[in-house]
Every structure is written in structure tokens, then in C-alpha cells.
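Spelled out, the chains give:
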Amino acid sequence: MTYRTHALKALTAVGALVLMAGCGSGGSSTGGTGGTGGSAGAPVHGGNLVIARTADSQSMNATTVFDNESIWIFEQIMQPLYTVTPNGKGVMPWLATSYTVSPDKKTYTFTLRKGVKFSNGKPMTSADVKFSIDQNTKASKGWGFINTAIKSVSAPTPDTVAVHLKYPWAPLLADLSLFANGIVPANYGGETENQFYTHPVGTGPFKWGYWHKGSALKLVRNPLYWQHGKPYLNSVTWTDVPNDNTRELQLKGGQAQIDEFPAWSTVASLKSTQGVTMNLFNSTQTNYLAFNELRKPFQDVHVRRAISLAINRKALVKAVLFGNGKPANSLFPPQVPFYQQSTPGLQYNLAAAKQEMAKSSVPHGFSTVMLIPAGNSDYLTIATIVQSELKPLGINVKIQQLDVNVANTDEQSLKYDMTLTLWTMDIADPDELATFAVDPKSGAKSFFTAYNNPQVVKDTHAAQRTLSTTQRQSLYNFVQSQSARDAFMAYLYYSPYPYATSANVHGFFVTPLGNYHMENVWLSK
Amino acid sequence: MSFVGRRLLQLVPVAVGVTIVVFFMIHLIPGDPARTILQQHATPRAIAELHREWGLDRPLISQYWLFLNRLAHGNLGQSLIYGVSAASLIWQRLPATLWLIIYASVLAVLISVPLAMIAATRKDGIRDHVVRAVPLLGLGMPPFWVGFLLIYGFGITFRVFPVGGYGTGLTGHLDAMFLPALTVAIALAPVVIRSLRASMLSVLGADYITTARSKGVPARRLFFRHVLRNAVIPAITVLGINIGFLIGGTVIIENVFAIPGIGQLMINSIFQRDFPVVQGVTLVFAVLVVLVNLLADMTYASLDPRVSFDR
């Protein structure tokens, strides 16, 4: 492009300024919903796909990082032995093809997939697998807790890996499918851990391109990928576009092909925008209202139940998600194994709420504070609705908005009365959520509520070591039912993952755990 | 010592003052970078481990001394979130912000000078009224809204400019940064136009202009050599002050146009409590503001022989 072209464009722009006020919205006619794909024919190779995302990544160190914007990227590079199934309820072979279990259920021996190479050309062996899992187990301020049941890992042959457990452990396959157990070259290929994760190497469909922090992160096609013919794209670039409107405009302007998390208020209009597919993928995201049981009167189950019964979830779904979600009835979302549809999570019933208040230690009401992070319009909407819904019970709620970091600190230090929180599953097993949510001795002090029901805690731990699916279902049914009756949190709603994509994007699918497989994605001409 | 040398020396206490205020302010407000990293998995043990690793378990005064010591060696410290040097993050992002400020200033001048000339030479005429009234719209409209309007028009409807980003290479930057720079220029131009028009009118009524006219100096030469040169001096001061404000205020434009600039870095780092980056960015902002004001003074002196550096 020449300077003259730029000058002409600049002149055109300045000259047309006056016309701007008259520019209305136009050009939208049809669109669609559901996953990307449709009848576009056979996949074609090539193309550079741009995903406009809400925030930058923090780190590529899979064993220590917790933010999704990092996880979803390095999952394209480093892969685990098993991966989550598309419905989010199970796992399927990935870098391993099968496994056997010892009679005492304490040793799992995995057969590795043949012909898998790292993007640097070196074959993946059992030594790499052992090293990778060991590194994650050691990550004391990272995901090491997920490998808590692992005693040791051995590599009896180059093609087999044995995982020795301290005790039988039901969620093992789900735990091993976590990104933090992704396979990297043994000894980081001769580099230090820090050096390695500045340009990680893995067996995944893409390899490292560049990362301009705060701007863009690019991965390029791994020609040695073990699924022959994949990936279809030459590269994927994640650009950091924190403004919702700008992401949408970049999608419409063709500068990005995927808009990560468009604002809920725009979902309806995006559905009818020509050239755009609005996807609402099933998710495991659940929003809750948490009560701090260290503060009065939230130790009183009748108070918690009254509040939970007074919240109109359908109104919340309509106001916050513009109808794109469902009221929650359980601690677990429907896309989690052992979810119980009949869990009696308390639903809107003002008369019943008043009865519970009458039985409580504060029958005439009380004043309290709801803590929310500043700048989160969805949370402010929820808080405002809950505030008005609790008035008939005589509960006077003051909404306190604090800086995100301060709000998180106060929540985790249990310096709050009520607060809004959420959860998204990391593994295809309820164990991580259940332990986090109901065990006061876990690092999270029962989801930072101090809730403590010994029988619920006992059954949660029993479900970890029971390999029978039937028994686990029974145990988790009790955990869900009892915690709902205890109303330690008000379950608000389940929401999908919204992604708007250009109509020429195919094969883009987000699992209920939030991760996606970019090797299946292709761009039609 | 020369004027420039003295002004540069004054930068040192300004910078030290900024480091003291920012360091203690950011450390004393509640919030913890360890919680940004660990999110819901922030156990006391993990938090303590990170604090030890980052040196946040030391007394505050000792941390400040370490910061000054590093600063003296040109080291701004490591970003707590990214784990890379704060200076590298800042240097990576600074060009985008400088591009925005310089490009916007150039556009503001290109818009303001001709319009002010039109207004001043047709005082109280229709053109004068139009020039005085229309640009005020730019001052009254919020920049984020002007930005979206421009994106919608030129990025979506006409598709002549990219919808945000910084671009690559000189032409890429010129292309990608045009709309954001124009957004800033639209807000900047009305102030400059008003100032320039007023000083042009004042100069046009001066005796030496009447003398020049009576000597038969051609109108074009009279305007550019005598009127504009003298009238532009107050406008430079106005522009300099506004650019100073702009340095700290680019964050909205960077957000709307997804420009990976230093303003966006500053905001993110504050939210994440990435102390070394916040300290580094603030220092850079302070230095830039001082340098812009120095540049304005130097331009002022070079245009007006009555102004001397030594007085």
C-alpha cells in the first residue's frame, strides 16, 4: 500500500466526517445459532484465523497458571493422555490409546499412542510423560493438588507409563485429562522451566509463534501433528480486545473471525446479522450467591433458605443473560457427570421465603451488605434485583462495589456478608468442584462460605475413592440434595458460552469445560 | 548551565517524587497480585510462597529502597504477572501510545490551522461562525462515542480503515492509527482553533501588520510570515498543555480501538496490582509530560525572538 493511498483514505475520511451522523445501522439480515459448521462441504486447508478475546494471557506455564485466557491457548500446544469428550461428561483417549488397572485398583498402566512427535521433531516417549506428570505434581502453588492421589509415575517401556496411586481414586482419568498434565519434553528439552514456557513445545496441532504481551499471541500450524491432515489452519492469532463493542465491530469488519464472549445484550442482534453465526455452547458455568457463615445471621439456615427462596431466577436470566440461560437447581451444572436433575435447589417462592424468615433468628429482617467487584455490569444487575427482591422479607441490602482485586481478597478472607461468585469445571468429574465447595478444610474453605456439614464432606471424600459408578451417583445425589437443603449458597443460573463467529468459520466447538480444539477449525473461501 | 540542561535536571526530583507517591500509594491500597495469579486457588501457603518469591514479605521501606537501587541501574524490576522485565513490557507498548499522541497532534494542527485562518480572515462572517461552532461538537462528544462512530463509518460501512489495532510497519501504523488519532484530534482541535483564531485576530490588528500592508507586502506572504508565525505561539502552549493531559488520558482511545498502548497497560497493571509495571509506567508518563512541556517551551522560544532561554 502506498502513502498516496493512505493520504487519499485520510482525505476521504476527513471529508466524510460530516456524513457520519447519518450513518445508521444497516446490512443485517440473516444469521444463525448453534455450532459452526453447517453444509460448507469438505474442510479446506489454509487461512489465518483471528480470535478477538477479552483479555491477555498471563503465562504459558500449564502447571501454575489459572486463567482461562492462558489455558485455552496452551491447550493447542500441549496435550494430555486423555481429553474431555464433546459433551463434557467423560474422557476419551488422546496421547494414550488405552489403559489397564491392577487388581488393587492402585496402578493404572497406559499405552501411549504410536507415532506421536513433538513439534521439534522428537518422538514422545514414556519418559516425557513421567516428567510432565511429575512436574505438575510438584507444582505446590499451581495445579499440584489435582495429582494428590498419585504416589509415583514410572516408565516401564518407552510406550507405556504406569501411574501408581496412594489409594484407589475414581477421578484419575479426569485428573490426567487436565491441561496441567499436558505432555512436554523431558527436562524441558534441556531448558529451564522459565525458558521453556516462553516458547513451549508440545505434541498439539499448533506450535509457538509469538506473544506480544497485551496485544496478540500467535500459534502456527504444527506439520508433525499426529492427526494427519490436521490442523487445517495455517495459524491462529488471539488479539486482546477488551472492549465488547470493538470486538463485535472487528468481527463485522472482517478483522477477526471469532468474537469471544459478546455482550449478552448483543446476542439477539448478532443472531440476525448477515455473515455472522451466533453460537451459544453448553457450558458448566454456574453463578451463585454465597453467604458467609462466619457472620450473623447467615449461620441460620432459615435465613439462607429465605433469601434463596426470594430470588426469582427466571427474572435474573431474563435481565442478565437476556434469556440465554437456565435457573440453577444444583451445586453441579447439568453438563457434569452425576448431576442430579431432581436436586431440590430452592426456587422462587415468596410465601415459603416469608415462612422461613418467620422461623429464623431475625424474623423481622436485618441489614446486610452484598459485596461485588466494581465494573461488572452483570453482577450489578443481579445485586440490584436481589436487593429489591429481599425487601419484602425486611432484609435491607446495601450493595458494596469494590475494586476486583480487593473484592476477591475480601471474599477469600471471608470479610463479607453476601457475595456473587461463579464456577466453571476444569475436569470432567465433579470431584474438584465438590471438594472446593463443601469441604471447609480445603484451601477454599467451602467456596469461601465456611459451610460445614460433616456428612456432606464425608460423602464427597467417599465419592473420590469409590470406583462404582452407581455408588458415586448415590453419594453425589446426597451431596447435591443436602447442600441444596442447607442453602449454603443460592444457586442462581447456568449460562452458556457465547461466541460469535464469521459465517466462513467451520468446526469451531467449545466443550462445556470451556476449551476448544482448533485442529478441527477451518475457513471456507 | 543551559536552559535545556536545567530543565532536564529538574526532571530528577520530579521523577523521585513520582516514584515515592506511586510506590507507597499502590502498596498501601488493598489488593494482592498473588490473588490475581492464584484466583480461587489462593491458599495462604501459596500466597506466602509467591510473596516470598517476589520480595513482598519484606518491610515496605526495604522494598522501596530495592526499587530505587534497581532504578539507578536502569532496571524497573520484573512484572509480577507476566514474569518478564517491566521495562520490556513498557518499551513494547510505548511506541503505540507515542504514535497516537504524535499522529493526533499532527492531525489536530492540520485541522486547526486552516480553519482558524478561515475564521480569522472572515471575522464575524458566516464562515467564522461555522468554524467557531462546528468543531465545538468534537469537544462536546465523548471520545469513545466519536471513536465508535468513526469505526462504524470507516471500518464497517466504507471499510477503508481497520477496526482497531496498531498495524505493522510504517504504512500499517499510518493506516491503523488514523481513526484513533482522528478521534483524539477532533477533541483537541476546537481548543487550538479558538486559541489560534483569537491570537490571529490580535496580530491582524497590530501596528506592524498595518505597516507591512502599507509597504505592499503581498497578502499571502504577510499572512504566513508575519501573522501566522506570531499567532501560533499561544496555540503551541495550548497544544503542549493538552498533549500533557493526553499522555495520561489515552486509555479510553486505546480501549476503544484495541491499541496495545501504555495506557491500557497501566490500567490492567493497576487492577492486577502488578506493582513494578505500575511504577514503571507512571515514571514514563511523568518523564513524557515534562519533556512535552520542555519541547513546547523550546518551540515557543525559537519562534519568538523576545523569549530567551537565559531569562
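None of these values were measured; they are calculated from a predicted model.

Enquirer: Describe the overall build of chain B, with residues and values.
Expert: Helices and strands together make up the secondary structure of chain B, namely 15 helices and zero strands. Each principal axis of the C-alpha atoms in chain B carries an extent, and together these give about 85 × 55 × 35 Å. Relative to its 311 residues, chain B shows a buried fraction of 41%. Excluding contacts between residues fewer than 6 apart, the proportion of contacts in chain B whose partners are at least 24 apart in sequence is 71%.

Enquirer: Residues and numbers for the overall build of chain A, please.
Expert: Counting its regular elements, chain A contains 16 helices and 20 strands. Its C-alpha atoms give chain A a radius of gyration of 25 Å, near enough to 24 Å, the size a compact globule of 525 residues would have. With respect to the principal axes defined by its C-alpha atoms, chain A has extents near 75 × 75 × 40 Å. When the 525 residues of chain A are sorted by exposure, 52% land in the buried category. A fraction of 71% describes how many contacts in chain A between residues 6 or more apart in sequence connect residues 24 or more apart.

Enquirer: Tell me what's going on with helix H11 (residues 207–214) of chain B, and back it up with residues and numbers.
Expert: Burial within H11 of chain B is sparse, with just zero of its eight residues counted as buried. Of the residues flanking the end of H11 of chain B, it is Gly-216 of chain B, one or two places downstream, whose phi is positive at about 85°.

Enquirer: I'd love a proper account of the domain arrangement of chain B, names of residues and values included.
Expert: Residues and elements named next belong to chain B. Each domain of chain B was delimited in the assignment, giving domain 1 (14–72) and domain 2 (90–303). Contacts between domain 1 and domain 2 engage 13 residues on the former and 11 residues on the latter. Per element, the largest residue contribution to the side of domain 1 that touches domain 2 is eight residues, and it comes from helix H1 (residues 3–28). The class makeup of the residues in the side of domain 1 that touches domain 2 is eight nonpolar, four polar and one charged.

Enquirer: Could you give me a rundown of the environment of Thr-409 of chain A, with the residues and numbers involved?
Expert: Structurally, the position occupied by Thr-409 of chain A is in helix H12 (residues 404–412). Setting aside residues no more than four positions away along its own chain, Thr-409 of chain A makes contact with Pro-30, Gly-31, Asp-32 and Arg-35 of chain B.

Enquirer: So what's going on with the packing of helix H5 (residues 86–121) of chain B against helix H10 (residues 178–204) of chain B? Which residues, and what values?
Expert: All names here are of chain B. The N-to-C vectors of H5 and H10 enclose an angle of 40°; their axes lie 6 Å apart at closest approach. As the angle between them shows, H5 and H10 are arranged oblique. In this structure, H5 meets H10 at a crossing whose hand is right-handed. For the contact of H5 with H10, the residue count by class is 24 nonpolar, one polar and one charged.

Enquirer: I'd like a description of the environment of Leu-38 of chain B, backed by residues and values.
Expert: With respect to the secondary-structure elements, Leu-38 of chain B resides in helix H2 (residues 33–38). For Leu-38 of chain B and Trp-145 of chain B, which are 107 residues apart along the polypeptide, the C-alpha to C-alpha distance reads 36 Å. Discounting chain neighbours no more than four positions away, the residues touching Leu-38 of chain B are Phe-66 and Lys-141 of chain A together with Ala-46 and Ile-47 of chain B.

Enquirer: Break down the environment of Thr-198 of chain A for me, with residues and values.
Expert: All names here are of chain A. Secondary-structure assignment places Thr-198 in the loop between helix H5 (193–196) and strand E9 (206–212). The exposure class of Thr-198 is partly exposed, given the 15 C-beta atoms found within 10 Å. Considered as a pair, Thr-198 and Trp-208 are 10 residues apart in the sequence and their alpha carbons are 9.1 Å apart.

Enquirer: Please provide a residue-by-residue account of the interface of chain A and chain B, values included.
Expert: Many descriptions give the size of an interface as the accessible area lost when the pieces come together. Each partner contributes residues to the interface: chain A has 40 residues there, and chain B has 53 residues. Breaking the side of chain A that touches chain B down by element, the ones donating at least two residues are helix H1 (3–16), strand E11 (235–240), helix H6 (244–252) and H12 of chain A. Taken together, the residues of the side of chain A that touches chain B sort by class into 13 nonpolar, 20 polar and seven charged.

Enquirer: Talk me through the pairing of strand E5 (residues 96–101) of chain A; I want residue IDs and the actual numbers.
Expert: Pairing analysis gives five bridges linking E5 of chain A to strand E6 (residues 107–112) of chain A, with the strands arranged antiparallel. Residue pairing for E6 of chain A: Ser-98 of chain A is matched across the bridge by Thr-111 of chain A.

Enquirer: I'd like to hear about the sheet that holds E6 of chain A, residue by residue, with values.
Expert: Residues and elements named next belong to chain A. Pairing within the open sheet is antiparallel, and its four strands lie in the order E5-E6-E8-E7. Lying at the two open borders of the sheet, with one neighbouring strand each, are E5 and strand E7 (150–157). For this sheet, the mean inter-axis angle between neighbouring strands, taken without regard to orientation, is 20°. Strand direction decides the pairing type here: E7 and strand E8 (residues 160–165), joined by five bridges, are antiparallel. Pairing of Ser-154 across the sheet is with Ala-162, part of E8. Set on the sheet, helix H3 (residues 126–138) makes contact with E6, E7 and E8; between it and E7 the angle comes to about 170°.

Enquirer: Got a sec to walk through unusual backbone geometry? Specific residues and values, please.
Expert: Residues and elements named next belong to chain A. For the peptide bond that leads from Lys-230 to Pro-231, omega is 0°, which places it in the cis range. Note on placement: Pro-231 falls in the loop between strand E10 (216–221) and E11. In this model, Lys-296 is joined to Pro-297 through a cis peptide bond whose omega is 0°. Along the chain, Pro-297 falls in the loop between strand E13 (276–291) and helix H8 (301–310). With a phi close to 50°, Tyr-188 is a non-glycine residue in the positive phi region. Residue position: Tyr-188 is located in the loop between helix H4 (172–176) and H5. Given 18 C-beta atoms within 10 Å, Tyr-188 falls into the partly exposed group.

Enquirer: Tell me about H8 of chain A, residues and numbers included.
Expert: Here H8 of chain A lies mainly inside the structure; eight of its 10 residues are buried. Of the residues making up H8 of chain A, those classed as buried are Val-303, Arg-304, Arg-305, Ala-306, Ile-307, Ser-308, Leu-309 and Ala-310 of chain A.

Enquirer: How would you sum up the pairing of strand E17 (residues 418–423) of chain A? Please name residues and give values.
Expert: Residues and elements named next belong to chain A. The pairing of E13 with E17 spans six bridges and is antiparallel. Paired with Ala-290 across the bridge in E17 is Thr-419. In the sheet, strand E15 (residues 366–373) pairs with E17 via two bridges, with the strands oriented parallel. Bridging across to E17, Met-370 finds its partner in Met-418.

Enquirer: Account for the packing of helix H8 (residues 143–157) of chain B against H10 of chain B, with residues named and values stated.
Expert: Residues and elements named next belong to chain B. The geometry of H8 relative to H10 is characterised by a closest axis approach of 9 Å and an angle of 135° between their N-to-C directions. Looking at the two axes, H8 sits oblique to H10. Read as a crossing pair, H8 and H10 show a hand that is right-handed. Along the contact surface, H8 presents Pro-143, Val-146, Gly-147, Leu-150, Ile-151, Phe-154 and Gly-155, while H10 presents Leu-179, Pro-180, Leu-182, Thr-183, Val-184, Ile-186 and Ala-187. Tallied by class, residues from the contact of H8 with H10 come to 11 nonpolar, three polar and no charged.

The rules behind each value
Residues numbered from 1 in each chain as written. Chains lettered and ligands numbered in written order. Predicted model: local features only at pLDDT ≥ 70, side-chain atom pairs only at ≥ 80, totals over all residues. Helix = DSSP H or I, 4+ residues; strand = E, 2+ residues; numbered from the N terminus. Buried ≥ 20, exposed ≤ 12 C-beta atoms within 10 Å, placed from the backbone. Contact = placed C-beta atoms within 7 Å. Rg over C-alpha atoms; globule rule 2.2 N^0.38 Å. Domains from an automatic or database assignment. Nonpolar A, V, L, I, M, F, W, Y, C, P; charged D, E, K, R; others polar. Axes fitted to C-alpha atoms, helices over the stretch in contact; angles between N-to-C directions. Parallel < 35°, antiparallel > 145°, perpendicular 65-115°, else oblique. Left-handed = near helix turned anticlockwise from the far one by under 90°. Pairing = 2+ DSSP bridges.

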